[in-house]
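Structural overview
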Amino acid sequence: MARVIATINLKGGVGKTTTTAALAEFMAADFGQRVLLIDLDPQTNLTTMMVGEERWQELNELGWTLATLFDKAVNPSAPGFDLGKAVQRNVSSVRSVRGVDLLASSLDLMDVQEGLSHRQFADPLSTRPVEVLRDAIAPIAGQYDYILVDCPPNLGMLTLNGLRLADGYIIPTIPDILSTYGIPQLQSRVAKFGERVGHPIREIGLVITKYRSASNLHRSTIERLQRDERIANVVPAWIPEATQIAQSAEFVPYGTLKRKYGTSGQYDALRMLTEDVLMNAQVLL
Ligand SMILES: Nc1ncnc2c1ncn2[C@@H]1O[C@H](COP(=O)(O)OP(=O)(O)O)[C@@H](O)[C@H]1O
Ligand SMILES: [Mg+2]
């Protein structure tokens, strides 16, 4: 069975999506893993990074996004979700990346999120609304080594659907005051949710993103996080702030990961990060 890792943080703009995309690409190209990416964020950034804006439009018009799945869960007369068609095979803008598939997000997920929470309100004891995603992907989960779930920056119904599926989670964060605020609270909310649904969700680690080596604040924040006993693990490979990593958000073709991310430390850091995450996941999940 696949190991499932959710990417969470209540903050936006901290590198959740960039980290998730890079992990999938490195897992596949450098470590031979079969990976399914699930984009749960209505902002659709992961989707457009992996298939481009035009293909996303097509998928959205065809109803081959997760909006159809959740729509159907809320509204039985809505069109059905066709998993076989929704799964996009061999995505990524990098030619050397083989074996990354994607379940696309949609801007329409914004409305769905509200419908789901109302439904749950009607029957507060039901766990069904948080199990929509898990039940839907069960038939294909065995085809993958890893399933990576990119979550929106909140703990709403979509994120809970991601966490219900997850065996573990990573928290990408910029090492500054505002970005790291509230991480222990987030961890304890996730642990409580895991207890409630009877499936532990393990902390794989905090991932330092947009690291600036010249910043004293970044260095001292990382030291503070490493000392914080509520945080089990700060992944030792820090992702540097780099123009080429920012540019990876644009869907343009590349031959290799080195070309896409750049070789002034970025490629090495992302590869090390992937190795650390894989190692922790193998021990913990
Ligand atoms: N290591 C990095 N160096 C430079 N820019 C980055 C880096 N990681 C992410 N970014 C940029 O920061 C912005 C937010 O990143 P994103 O991954 O979308 O965050 P989130 O998913 O947490 O909202 C994007 O414009 C992205 O391209
Ligand atoms: Mg994002």
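Residues numbered from 1 in each chain as written. Chains lettered and ligands numbered in written order. Predicted model: local features only at pLDDT ≥ 70, side-chain atom pairs only at ≥ 80, totals over all residues. Heavy atoms only, no water.

This next bit is on the packing of aromatic side chains. Considering all chains together, one arrives at 3 aromatic pairs under this definition. Measuring from ring centre to ring centre gives 5.4 Å for F26 and Y267, while their planes differ by 40°; the resulting arrangement is tilted. You can see F26 sitting in helix 1 (residues 16-31) and its partner Y267 sitting in helix 14 (residues 266-284), a full 241 residues away along the chain. Taken individually, F26 and Y267 each receive the classification buried, so the pair is uniform in this respect. (Phe/Tyr/Trp six-rings, centres within 6.5 Å; stacked < 30°, edge-to-face > 60°. Helix = DSSP H or I, 4+ residues; strand = E, 2+ residues; numbered from the N terminus. Buried < 20%, exposed > 50% of the residue type's maximum accessible area, 1.4 Å probe, protein only.)

Glancing now at helix 8 (residues 157-165). Extensive coverage of helix 8 is indicated by the burial of 9 of its 9 residues. Considered for burial, the residues of helix 8 that qualify are M157, L158, T159, L160, N161, G162, L163, R164 and L165.

Burial analysis of strand 2 (residues 35-39) places 5 of its 5 residues in the buried class, the great majority of the element. What you see with strand 2 is no split at all: V35, L37 and D39 on one side and L36 and I38 on the other are buried throughout. Across 4 bridges, strand 2 lies against strand 4 (residues 100-103) in parallel orientation. Within strand 4, the residue paired with I38 across the bridge is L103. In the sheet, strand 2 pairs with strand 5 (residues 146-150) via 5 bridges, with the strands oriented parallel. Residue pairing in the sheet places I38 in a bridge with V149 of strand 5. (Pairing = 2+ DSSP bridges.)

Next up on the list: the pattern of salt bridges. The tally for this structure, following the rule as stated, stands at 12 salt bridges. Residue E131 pairs with R134 through a salt bridge whose shortest N-O separation is 3.8 Å. The salt bridge involving D228 is made with R230; its shortest N-O contact spans 3.0 Å. Here D228 falls in the buried class, since its relative accessible area comes to 16%. Judged by relative accessible area, which is 53%, R230 ranks as exposed. One network of salt bridges, with partners in common, ties together R128, E131, R134, D135 and R164. (Salt bridge = Lys/Arg side-chain N within 4 Å of Asp/Glu carboxyl O.)

Let us now look at the sheet that holds strand 3 (residues 87-88). Strand order in the open sheet formed by 7 strands is 3-4-2-5-1-6-7, with mixed pairing between adjacent strands. Edge positions in the sheet fall to strand 3 and strand 7 (202-208), since each has one partner strand and no second. Most of the contacts of helix 1 go to strand 5, to which it runs at about 165°, and overall it touches strand 1 (3-7), strand 2, strand 4, strand 5, strand 6 (168-173) and strand 7. (Contact = heavy atoms within 4.5 Å. Axes fitted to C-alpha atoms, helices over the stretch in contact; angles between N-to-C directions.)

Taken together, 14 residues sit near ligand 1, with G13, K16, T17, T18 and K210 positioned nearest. At 2.8 Å from an oxygen atom of ligand 1 is found a side-chain nitrogen or oxygen belonging to T17. One of the backbone nitrogen or oxygen atoms of A242 is found 2.9 Å away from a nitrogen atom of ligand 1. For ligand 1, the protein covers 80% of the area, taking 550 Å² as the surface of the free molecule. (Near = heavy atom within 4 Å. Polar contact = N/O pair within 3.5 Å; in protein donor to acceptor, adjacent residues only side chain to side chain. Areas by Shrake-Rupley, 256 points an atom, 1.4 Å probe, with all protein chains shown as cover.)

Next up on the list: the packing of helix 8 against helix 10 (residues 183-197). Running from amino to carboxyl end, helix 8 crosses helix 10 at an angle of 65°, the nearest separation of the two axes being 10 Å. Our classification of the angle between helix 8 and helix 10 gives roughly perpendicular. The crossing of helix 8 and helix 10 is right-handed. Residues L160, L163 and R164 of helix 8 touch helix 10, and the partners they reach there are V190, F193 and V197. Of the residues in the contact of helix 8 with helix 10, the class split is 5 nonpolar, no polar and 1 charged. (Parallel < 35°, antiparallel > 145°, perpendicular 65-115°, else oblique. Left-handed = near helix turned anticlockwise from the far one by under 90°. Nonpolar A, V, L, I, M, F, W, Y, C, P; charged D, E, K, R; others polar.)

What follows is about the nonpolar core. If you look at the biggest cluster of nonpolar residues, it comprises 52 residues, and the most contacted ones within it are I38, F70, I137 and I147. Top element by residues in this core is helix 7 (residues 132-141). It accounts for 6 residues. Each residue touching I147, except ones within four places of it in the same chain, is listed here: A2, R3, V4, I5, L36, I38, I137 and A141. Counting residues in hydrophobic clusters, the runner-up holds 40 residues, among them F26, A28, L102 and I170. (Core = buried A, V, L, I, M, F, W, Y, C linked by side-chain atoms within 4.5 Å.)

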